[in-house]
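Per-entry structural report
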Amino acid sequence: MKIFLWVGAIVITGLFAGIVGHSIFDNRNATAALKASVAAQDGKYNTGDRLQQAPLVVSNPPEPTVAQSPFKEIQWEELAPASWDPMKPFKGIDLNKLNDADPRADAALQKAKEYWKNAPINPAMNGKSIKIPGFVVSLDGEGERLKEFLLVPYFGGCIHVPPPPANQIIHVNSVKAIKGVRTMDAVWISGVLNVKPTSTQMGDAGYSMVAQTVEMYKDSDGKQ
């Protein structure tokens, strides 16, 4: 399975420095609230951090139990076709030798943004009952009344750095308002995944879900 490390490479080169502020936060009225919410999590996660999950392949799966969940935990990589290369726009470019003033950097960025916006989904995931962890990007509220948000695979996506590829974003509507959850909080969501492209002010999602449950993230050791 391909591991999506493209964001780390981009952040390290600094290609997005100076453009995140106006390319992501076009809605200036929401900027202060989002930044304040993210700041509260900055000591816990770093930009690009991904959440711990169980291995994709289990050699000795546990015996099924009566209380077994109908939702199967999946990895983010399963949402993209195996042959899709997120770094294709940067082929032939030495990112370490570019800076913000280099026109090739801006050209590569624009090409990548369009490429990721139209990233292909995995049709085999349509209609699957899944469970997956990720970071919240609020679309309608914070703290006490959150019902609509984007789920992204790594900390800072859509906030500190531009949106992930569309096949790495899930547009989530919760069946009930979620209390105590803010932008960049880590959560588990469970529900039926649908292939349904959605465009929002914070990013373009290739998938959608009406979440049956939204729970604060805990790793395999039960730690948040």
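This text goes with the structure placed above it.
Each helix and strand in the protein was counted, giving 4 helices and 6 strands. The burial tally for the protein puts 45% of its 224 residues in the buried class. When contacts within the protein are restricted to residue pairs at least 6 apart in sequence, those whose partners lie at least 24 apart make up 74%. Entry remark: accessible area of the protein is about 11,700 Å², with carbon and sulfur atoms responsible for 52%.

Our focus in this paragraph is the side chain of His171. Topologically, His171 is positioned in strand β4 (residues 170-178). Owing to a relative accessible area of 8%, His171 belongs among the buried residues under this scheme. Reaching out from His171, the side chain makes a polar contact with the side chain of Glu148 at a distance of 2.7 Å.

Between its first and last C-alpha, helix α4 (residues 103-117) extends 21 Å over 15 residues, near the 21 Å set by a 1.5 Å rise per residue. Taken residue by residue, α4 has Ala105, Ala108, Leu109, Ala112 and Trp116 as its buried positions. Angular distribution of buried residues about the axis of α4 spans 105 degrees; they occupy a single face of the element. Those residues of α4 that are exposed and aimed more than 90 degrees away from the buried face are Pro103 and Lys111.

In this section: the pairing of strand β2 (residues 129-138). In terms of residue burial, β2 counts as a mostly covered element, since 8 of its 10 residues are buried. Taken together, the 2 bridges between strand β1 (residues 72-73) and β2 define a ladder with parallel strand orientation. Residue Lys72 lies in a different strand from β2, and its bridge partner there is Ile130. Of the strand pairs in this sheet, β2 and strand β5 (residues 186-200) are connected by 7 bridges, and their pairing is antiparallel. Looking at β5, one finds that Ser129 is bridged to Val192. Sheet topology places β2 next to strand β3 (residues 146-152); 4 bridges connect them, and they run antiparallel.

Here we take up unusual backbone geometry. In most cases, non-glycine residues show a negative phi, while peptide bonds are predominantly trans. In this model, Cys158 sits at a positive phi of 80 degrees, which is unusual for a non-glycine residue. Position of Cys158 among the secondary structure elements: in the loop between β3 and β4. For Cys158, a relative accessible area of 0% corresponds to the buried category. Phi at Met184 takes a positive value of approximately 75 degrees, unusual for a residue other than glycine.

With that settled, consider the nonpolar core. Grouped together as the largest cluster of nonpolar side chains are 21 residues, with contacts concentrated most on Leu79, Ile132, Phe149, Leu151, Ile170, Ile189 and Leu193. Going through the elements one at a time, β2, β3, β4, β5 and β6 (203-216) are the ones with two or more residues in this core. Here this core gets 4 residues from one element, more than from any other, and that element is β6. The residues touching Ile132, leaving out its near neighbours within four places in the chain, are Ile74, Gln75, Trp76, Leu79, Leu151, Ile170, Val187, Trp188 and Ile189. Of all hydrophobic cores here, the second largest spans 16 residues; its members include Val152, Phe155, Met184 and Met202.

This paragraph deals with the packing of aromatic side chains. For any pair of aromatic rings, geometry is given as the distance between the ring centres together with the angle between the planes. Counted according to the given criterion, the structure contains 6 aromatic pairs. Seen from the ring of Trp188, Lys131 lies directly overhead, with NZ or CZ sitting 4.8 Å from the centre.

The rules behind each value
- Residues numbered from 1 in each chain as written.
- Predicted model: local features only at pLDDT ≥ 70, side-chain atom pairs only at ≥ 80, totals over all residues.
- Heavy atoms only, no water.
- Helix = DSSP H or I, 4+ residues; strand = E, 2+ residues; numbered from the N terminus.
- Buried < 20%, exposed > 50% of the residue type's maximum accessible area, 1.4 Å probe, protein only.
- Contact = heavy atoms within 4.5 Å.
- Areas by Shrake-Rupley, 256 points an atom, 1.4 Å probe, with all protein chains shown as cover.
- Polar contact = N/O pair within 3.5 Å; in protein donor to acceptor, adjacent residues only side chain to side chain.
- Expected span 1.5 Å × (residues − 1).
- Arc of directions from axis to C-beta.
- Pairing = 2+ DSSP bridges.
- Core = buried A, V, L, I, M, F, W, Y, C linked by side-chain atoms within 4.5 Å.
- Phe/Tyr/Trp six-rings, centres within 6.5 Å; stacked < 30°, edge-to-face > 60°.
- Lys NZ or Arg CZ within 6 Å of the ring centre and 35° of its normal.

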